[in-house]
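# Survey of secondary and tertiary structure
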Amino acid sequence: QVQLVQSGSELKKPGASVKLSCKASGYTFTTYTINWIRQAPGQGLEWMGWINTNTGNPIYAPGFTGRFVFSLDTSVTTAYLQISSLKAADTAIYYCARGPQYSSTWYIDYWGQGALVTVSS
Amino acid sequence: QAVVTQEPSFSVSPGGTITLTCGLTSGSVSPSYYPSWYQQTPGQTPRTLIYNTNTRSSGVPNRFSGSILGNRAALTITGAQADDDSYYYCVLFMGSGAVMFGGGTKLTVL
């Protein structure tokens, strides 16, 4: 069965970096995109962007350029989200989620369980 | 840049029917935006309900249906149940690789 298993919660100080992982299993990793979605406390869902798991090409939503980096290690079917220069406003749950690749459509069919990042001094 | 709009809140009685909608601040929603819908109960991971306007995700009961109503995407719940009390998010594919979530609708079943 398809699974996306994310790394655990992180507590970081402002200015630090964090790298979250999303381990995929149960399907051919390079045939679906991995999307990243943020949810700040008490807020809605916000699309951060996706990464093409075949080419490694990332697409970042406005507001998620510069400090946010998507990457892959296809040998271990894992996607990563790195956030640098962390701010308190980055405190959120970060979800990875699978979507169609090389398709005219967009949707999420499987979600990771989410990883809470707390940024606090 | 257009914003995806949803009703902030709705309430429905158990067994009732409710239609949540999803629009754009400029322009009309059409199937070419590939609207999708997600349900999230607080503290839980989102669940995919509908994609490509009206395709139900695996395991989603047929009391959830998607459509285009006028210039908006719509999610209809027929025969609402207590566990439908959740947040519902609409997402539109804006093209050029851009995806936008609506702000979500809080549905209360009471």
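This text goes with the structure placed above it.
The sections below set out a description of the structure shown in this document. Worth saying up front: this structure is predicted, and the values here are computed from it rather than measured. Numbering of residues begins from 1 in every chain and follows the order in which that chain's sequence is written. Here the convention is simple: chains get letters from A, ligands get numbers from 1, in the order in which they are written. Local features in this predicted model are restricted to residues whose pLDDT is 70 or higher, and side-chain atom pairs enter the listing and the counts only when it is 80 or higher, whereas totals over whole chains, interfaces and linings include all residues. Side-chain numbers here rest on the full set of heavy atoms in the structure, without hydrogens or water.

Attention now moves to the overall build of chain B. Numbering of helices and strands runs from the N terminus, with a helix taken as a DSSP run of H or I at least four residues long and a strand as a DSSP run of E at least two residues long. Each helix and strand in chain B was counted, giving zero helices and eleven strands. The N-to-C order of helical and strand elements in chain B reads β-β-β-β-β-β-β-β-β-β-β. C-alpha extents for chain B along the principal axes are approximately 40 × 30 × 25 Å. Burial analysis of chain B (110 residues in total) assigns 49% to the buried set. We call two residues in contact when some of their heavy atoms are within 4.5 Å. Restricting to contacts in chain B with at least 6 residues of sequence separation, those with at least 24 account for 52%. By the counting rule applied here, Lys and Arg register as positive and Asp and Glu as negative, while His and the ends of each chain are not counted. All charge positions are set by atom: Lys at NZ, Arg at CZ, Asp at CG, Glu at CD. For chain B, the separation between the mean place of its 5 positive charges and that of its 4 negative charges on side chains is 6 Å. Burial status follows relative accessibility: with a 1.4 Å probe on protein chains alone, a residue under 20% of its type maximum counts as buried, one over 50% as exposed, and anything between as partly exposed.

Backbone hydrogen bonds are what pair the strands of a sheet, in a parallel or an antiparallel way. All names here are of chain B. Two strands make a pair as long as DSSP finds a minimum of two bridges between them. Pairing is antiparallel across the open sheet formed by four strands, whose spatial order is E1-E3-E8-E7. Two strands in the sheet have a free side with no partner beyond their single neighbour: strand E1 (4-6) and strand E7 (64-69). Shown here is a sheet whose adjacent strand axes are inclined to one another by a mean of 25 degrees, direction ignored. Sheet analysis places E7 next to strand E8 (residues 72-78), joined by six bridges and oriented antiparallel. By the bridge assignment for E8, Leu 69 is matched with Arg 72. Note on geometry: axes are lines fitted to C-alpha atoms, helical ones only across the stretch in contact, with angles between N-to-C directions running from 0 to 180 degrees.

This paragraph deals with the state of the cysteines. All names here are of chain A. What counts as a disulfide here is a pair of cysteine sulfur atoms lying within 2.5 Å. All chains considered together, the criterion is met by two disulfides over all chains. Residue Cys 22 pairs covalently with Cys 96 via a disulfide, S to S 2.0 Å. Because the sign of the S-S torsion sets the handedness, a value of about 75 degrees for the bond joining Cys 22 and Cys 96 places this disulfide among the right-handed ones. Placement of the pair is Cys 22 in strand E3 (residues 18-25) and Cys 96 in strand E9 (residues 92-100), with a sequence separation of 74 residues.

Time to look at the packing of aromatic side chains. Aromatic contacts are taken between Phe, Tyr and Trp rings whose centres are within 6.5 Å, Trp giving its six-membered ring; a plane angle under 30 degrees counts as stacked, one over 60 as edge-to-face, and the others as tilted. According to the stated counting rule, one finds eleven aromatic pairs over all chains in the structure shown. Measuring from ring centre to ring centre gives 5.7 Å for Trp111(A) and Tyr38(B), while their planes differ by 75 degrees; the resulting arrangement is edge-to-face. Of this pair, Trp111(A) sits in strand E10 (residues 110-111) while Tyr38(B) sits in strand E4 (residues 36-40), placing the two residues on different chains. Residue Trp111(A) is classed as buried on the basis of its relative accessible area of 12%.

All names here are of chain A. Judged by how many residues are buried, strand E5 (residues 45-51) sits mostly within the fold: six of seven residues are covered. Two strands pair when backbone bridges link them, and strand E4 (residues 32-39) and E5 are joined in this way by six bridges, in the antiparallel orientation. Following the sheet pairing, Arg 38 is matched in E5 by Glu 46. Connecting the antiparallel pair E4 and E5 is a turn made up of five residues, with Gly 42 showing a positive phi of about 70 degrees. With three bridges connecting them, E5 and strand E6 (residues 58-60) associate as antiparallel partners. Looking across to E6, one finds that Trp 50 is bridged to Ile 59.

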